[in-house]
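Here's the letter readout for the chains.
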Amino acid sequence: FGMLALLVVTVTLSPVTAAARSGNDVTEEDLYPPLWDLAPENLLNFPVKDNKIVISAWNYQDRLGVYKSLLNASAKYFGAFGPQNSGNILWGLPLQHGWQFRTGRLADPSGVTSCGYENGELLCQSVRSWWSCMNYYLAIIPFLGAVEAGLFGQLPYEIEILPPEVQKDDFCYSVKDCWSRMPKLMDDWKAFFEYLLSTENKAVSSSSFSSFKMDDALGLMWKAHTTSIAYALPKFHDSLKYLSDPEANFSEDWANAVDFIAATHFSTDLLTTNNFQAFLPQRLLVEGDVLPSISDFSPEQNKVLVSLRALHKTNKLTGGLLLKLWQKAMSTEAGRKLGRELIESLASS
């Protein structure tokens, strides 16, 4: 059964074998999310009001600052995996968010407000954006899980997340609030950060974090990641109505694909994520975009979109059996290695 799953997904994805970014090297400027240098460096760079660190989660720069704080606070655990924190597996989160911002996916798709548009409030993230709402559960929840785990040590202030103007009940705004409303999500993210902290405690007597096992860390991170998506998907299904049919399909295809990627414990470090993201559409899909011949997309981007669509359709037709078979195939380190090699082949010629 495991090999069958591997075979099916290999057949589904095998057409995609061209070089990332059409053979061009990723420039250093492209490596980081847009406006990365302008985002707050750590939690004490955010405004403090009434003895609380106040974070506006519906402002792109603030949400980016949340990610930057997480990356800086966890940097010491990933020193052995690449220079300048490039081996940190948390890079996947802000890089995805940066791609969403750059491609206009965080702006108000309903057109009701100017939120997220250059001629309006460019840094605003719309609560009507499916991508922005889904990302909340991959930004604020991991962040508050890290706070609770003690990643930032003993903070002098509480954390307060500002609510959006509408749909306030769809989100939580503090450690206590999130624990009471979505304990499973908080627990999974806290477990990941506690794992990192535990390796520090074990390494006190040595000069490096010798007890750190990347496969374990990736397993915990991806478990939390997929739990967040599974929780948020039904909650924001109605937001898909604001998107074109091709974009709505792609959104759901992408969410489905994450489960397959997660099962391989795919590394979400800086360079690997950048190479992989080169295949994602660099603008919103619109009515009239027909796969596999979207003229302003590269052949590789068209092929990836076709593959994601086929993967989602097949998984749906089998009632989720394809994913179960794939997860079984990925249940050993050797299986996961094969799975990662398959995904990485998407970013090589």
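Reference entry: report on the structure contained in this document. (Residues numbered from 1 in each chain as written. Predicted model: local features only at pLDDT ≥ 70, side-chain atom pairs only at ≥ 80, totals over all residues. Heavy atoms only, no water.)

1. Notes on the pairing of strand 3 (residues 158-162)
Heads up, the condition is: The buried label applies to any residue whose accessible area, calculated with a 1.4 Å probe on protein chains only, is under 20% of its type's maximum; exposed applies above 50%, and partly exposed to all values in between. Secondary structure elements are defined from DSSP: runs of H or I of at least 4 residues count as helices, runs of E of at least 2 residues count as strands, and each element is numbered from the N terminus. What makes two strands pair is DSSP finding at least two bridges between them.
Every second residue of strand 3 is oriented toward a common face, the buried set being Ile159 and Ile161 and the non-buried set Glu158, Glu160 and Leu162. Looking at chain direction, strand 2 (residues 52-56) and strand 3 are connected through 5 bridges and run parallel. Its bridge partner being in strand 3, valine 54 is matched across the sheet by glutamate 160.

2. Regarding helix 10 (residues 245-263)
The cut-off we apply is this: Expected span of a helix: the number of residues minus one, times 1.5 Å.
Taking 1.5 Å of rise per residue, the 19 residues of helix 10 would be expected to cover 27 Å, and the 28 Å separating its terminal C-alpha atoms lies within 8% of that figure. Counting buried residues in helix 10 gives 15 out of 19 residues, a clear majority hidden from the surface. Just past helix 10, the residue histidine 265 takes up positive phi, approximately 55 degrees.

3. Considering empty space enclosed by the protein
Filter applied, for reference: Grid spacing is 1 Å over the protein atoms alone, the probe is 1.4 Å, and a cavity is where that probe fits but cannot get out, while a pocket is an open set with protein on both sides within 12 Å along at least five of seven lines and lining residues have an atom within 4 Å of a point. Grid points are joined across faces, edges and corners, and a volume is the space filled by probe spheres set on the points. Ten residue types, Ala, Val, Leu, Ile, Met, Phe, Trp, Tyr, Cys and Pro, are classed as nonpolar, four, Asp, Glu, Lys and Arg, as charged, and the remainder, Gly among them, as polar. In this document the domain limits rely on a domain assignment from an automatic tool or a database.
Under the definition given, this model contains 3 cavities of 30 Å³ or more. When its volume is computed, the largest cavity comes out at roughly 360 Å³. As for the largest cavity, its lining consists of 23 residues, of which Gln96, Trp222, His225, Trp254 and Val258 are closest to the centre. Among the elements of the structure, helix 4 (92-102), helix 5 (130-136), helix 9 (214-235), helix 10 and helix 11 (270-277) are those that each provide at least two residues to the lining of the largest cavity. Considered class by class, the residues forming the lining of the largest cavity number 15 nonpolar, 8 polar and no charged. Counting residues domain by domain, the lining of the largest cavity receives three or more from each of domain 1 (33-202 + 209-242) and domain 2 (245-348).

4. So, the state of the cysteines
Linking two cysteines covalently via their sulfur atoms produces the bond known as a disulfide. For the record, the criterion: Any cysteine sulfur atom paired with another within 2.5 Å is treated as part of a disulfide.
Going through the model one piece at a time under the given rule, you end up with 2 disulfides. Bridging cysteine 115 to cysteine 124, the disulfide has an S-S length of 1.9 Å. Measuring handedness by torsion sign, the sulfur bridge of cysteine 115 and cysteine 124 sits at about -90 degrees and is left-handed. For the pair cysteine 115 and cysteine 124, a shared accessibility class is recorded, and that class is buried. With its sulfur 1.9 Å from that of its partner, cysteine 172 forms a disulfide with cysteine 178.

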